[in-house]
Amino acid sequence: MNFAELGLKSPLLEAITAAGYTEPTAVQLEAIPAALAGSDLLVSSHTGSGKTAAFMLPALQRLGTQPGARGKGPRVLVLTPTRELALQINRAALDYGKGVRNLRTAALVGGSSYAHQLRSLERPVDIAVATPGRLIDHLERGRIDLSRVEILVLDEADRMLDMGFLEDVENIVGRTPETRQTMMFSATLDGVVGNLARRLTRDARRIEVVTSEQQHANVEQIVLYADDLSHKNKLLDALLRNPDMQQCVVFAATKMAADQIAVQLEESGFRAASLHGDMHQGQRNRTLQGMREGRTQVLVATDVAARGIDVAGISHVINFDSPRQAEDYVHRIGRTGRAGRTGTAVTLMNHHERHRTRDIERYTGQPLRIETIAGLEPRRRPTKPSFGAPSGPRGADPRRGAPGGPRGGYAGRAAHGSHAGASAHSGAHAGAGPAPAADSRGPRSGPGQGYTARPRSR
Ligand code: AMP
């Protein structure tokens, strides 16, 4: 899913591209279409999840496409607990809105000169980003009027309440029109925040973004680089002979590929089956039943067919073909590590797909470890772009390099691949070539046990 599919239009799409965003984050995926449709939103998400763009992009789209009422007061009002956050949001508004004609914003925050803020309020304002205390000051002096507010955003609402702003917030909201759209963002939506939310919103859509990081913390994520198809086949074979392997879902890009791989694996002695959309429901059910009962060891599936598979015995997911989108990646790896267990997800990546590693890490907020299997190392030394590298607008974001490590959501660490795989893997398969077909006791008793899961580095 890309930003255009969420309903955003030029010039916002251009600004998004200029910011270096290739895919919406989880909170953006949920919140943007709902916000564009005019719904009130209650969103529990954390800083770093991409929430600023989640509310600002729809707000800007409205400003750019619908005329406002007469007057000078802001059409979009964002309340935030701190000055820093307000300034940051104001900058984001200007960045994302640089193609919106005559956009005017005002940051109304404590600790900075009144004179400048008063000047910015002399002419009509589209977006005001304010801390509650300073906004109350301006309201009481009659310097700002909130009757034009169409969209009200309460950002980090829980923090605002913690800082004692409840009364100010209620006072401010009371001066905005009842017809407004309200979006509330908060790490938690329980207790006092929940009460406030109920009072300030109408039929709000509730969005709870459990970060992918939280979701998949129990899944070890590995990348193996492959030179070509034959190399991929050998890697797959070696992986499936790993003694830790219980049951596995292998993802293929197409139905045909899924069938071919399944046949090939059966010929090599694995209990394999394919699962894809061309199969009748009855066949699909039987295949899944085989997986649940442990008769099938390897399920070769396409993305759509595998959604929702919930089999606790799936210890591994292998992306034979790397997923086209980070979102698919998350769905795929979610097939393992279920029912409180741990799991391993291995992505076989062609060298030219290297950039996908970074896209995935950004989306999940988790590092992918680059590994090799002894005897099956790629001809080219696998590398990947480092997160901190100043490569375009994202790399240039000063907040990304903040001391103390990555911040929240997708500020994953520069996970330099471990190329020391050779020392961790036994030397089976040296000289490459698929391992001989397994004997009747099943493939795991075969000689090839090249890949050994390494201890987690996280
Ligand atoms: P926020 O949660 O709004 O503070 O955003 C955290 C960081 O993520 C900011 O540096 C944004 O520039 C960045 N960001 C927001 N949306 C995306 C996206 N879709 N892809 C990559 N980075 C993003």
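Our subject is the structure that appears above.
Conventions and cut-offs
- Residues numbered from 1 in each chain as written.
- Predicted model: local features only at pLDDT ≥ 70, side-chain atom pairs only at ≥ 80, totals over all residues.
- Heavy atoms only, no water.
- Pairing = 2+ DSSP bridges.
- Helix = DSSP H or I, 4+ residues; strand = E, 2+ residues; numbered from the N terminus.
- Axes fitted to C-alpha atoms, helices over the stretch in contact; angles between N-to-C directions.
- Buried < 20%, exposed > 50% of the residue type's maximum accessible area, 1.4 Å probe, protein only.
- Contact = heavy atoms within 4.5 Å.
- Phe/Tyr/Trp six-rings, centres within 6.5 Å; stacked < 30°, edge-to-face > 60°.
- Arc of directions from axis to C-beta.
- Right-handed = clockwise from strand over helix to strand, strands pointing away.
- Salt bridge = Lys/Arg side-chain N within 4 Å of Asp/Glu carboxyl O.

J.: Explain the sheet that holds strand β9 (residues 247-251) to me, please; I cannot follow it from the model alone.
T.: Backbone hydrogen bonds are what pair the strands of a sheet, in a parallel or an antiparallel way. Spatially, the seven strands line up as an open sheet ordered β10-β11-β9-β12-β13-β8-β14, and their pairing is parallel. The open sheet has two free edges, formed respectively by β10 (272-275) and β14 (369-371), since each of these has just one partner strand. Here the average twist between neighbouring strands, direction ignored, is 25 degrees.

J.: What is the right way to read the environment of Leu299 from this model?
T.: Secondary-structure assignment places Leu299 in strand β11 (residues 298-301). By relative accessible area, which is 0% here, Leu299 ends up buried. Not counting residues within four places of it along the chain, the set of residues in contact with Leu299 comprises Cys248, Val249, Val250, Ala273, Leu275, Thr287, Leu288, Met291 and Ile309.

J.: How should I be thinking about the packing of aromatic side chains in this particular structure?
T.: Aromatic rings in a pair are described by how distant their centres are and how their planes are angled relative to each other. Within this structure, the stated rule accounts for two aromatic pairs. Seen in terms of ring centroids, Tyr21 and Tyr96 are 6.1 Å apart; in terms of plane orientation they differ by 65 degrees. Their pairing is edge-to-face. Taken as a pair, Tyr21 in the loop between α1 (12-19) and α2 (26-36) and Tyr96 in helix α4 (residues 83-96) lie far apart in primary sequence, 75 residues in all. According to the relative accessible area criterion, Tyr96 is buried, its value standing at 8%.

J.: Got a minute to help me understand the environment of Ala19 in this structure?
T.: With respect to the secondary-structure elements, Ala19 resides in helix α1. Spatially, the C-alpha atom of Ala19 lies 8.1 Å from that of Tyr96, the residues being 77 residues apart in sequence.

J.: Whenever I open this one, helix α8 (residues 166-173) confuses me. Can you help?
T.: Given 3.6 residues to a turn, an α-helix orients residues that are three or four positions apart in the same direction. Here α8 has its buried residues at Val169, Ile172 and Val173. Relative to the axis of α8, the buried residues are bounded by an arc of 95 degrees and lie together on one face.

J.: Before we go on, may I ask you to explain the pairing of strand β12 (residues 314-319) in this structure?
T.: When a strand is regular, its side chains alternate between the sheet's two faces. The buried fraction of β12 is high, at six of six residues. Note: β9 against β12, five bridges, orientation parallel. Looking at β12, one finds that Cys248 is bridged to His316.

J.: Got a minute to help me understand the pairing of strand β3 (residues 105-108) in this structure?
T.: Here β3 shows a buried face lined by Thr105 and Ala107 and a second buried face lined by Ala106 and Leu108. Taking the sense of rotation as the criterion, the β-α-β connection linking β3, helix α5 (residues 114-120) and strand β4 (residues 127-130) turns out right-handed.

J.: Would you take a moment to explain the pattern of salt bridges for this structure?
T.: Two side chains with opposite charge may pair up if their charged atoms get near one another. Scanning the entire structure with this criterion turns up 16 salt bridges. Linking Arg62 and Glu150 is a salt bridge whose minimum nitrogen-to-oxygen distance equals 2.6 Å. In this pair, Arg62 sits in helix α3 (residues 51-65) while Glu150 sits in the loop between α6 (132-140) and β5 (151-154), placing the two residues 88 residues apart along the sequence. Relative accessible area serves as the criterion here: at 26%, Arg62 is assigned to the partly exposed category. Salt-bridge contacts for Arg332 lead to Asp303; the nearest nitrogen and oxygen are separated by 2.8 Å. Separated by 29 residues along the polypeptide, Arg332 in helix α15 (residues 326-333) and Asp303 in helix α14 (residues 303-306) bring together distant segments of the chain. Judged on exposure class, the residue Arg332 and its partner Asp303 are both buried. Because the salt bridges share partners, they merge into one network encompassing Lys51, Asp155, Glu156 and Arg159.

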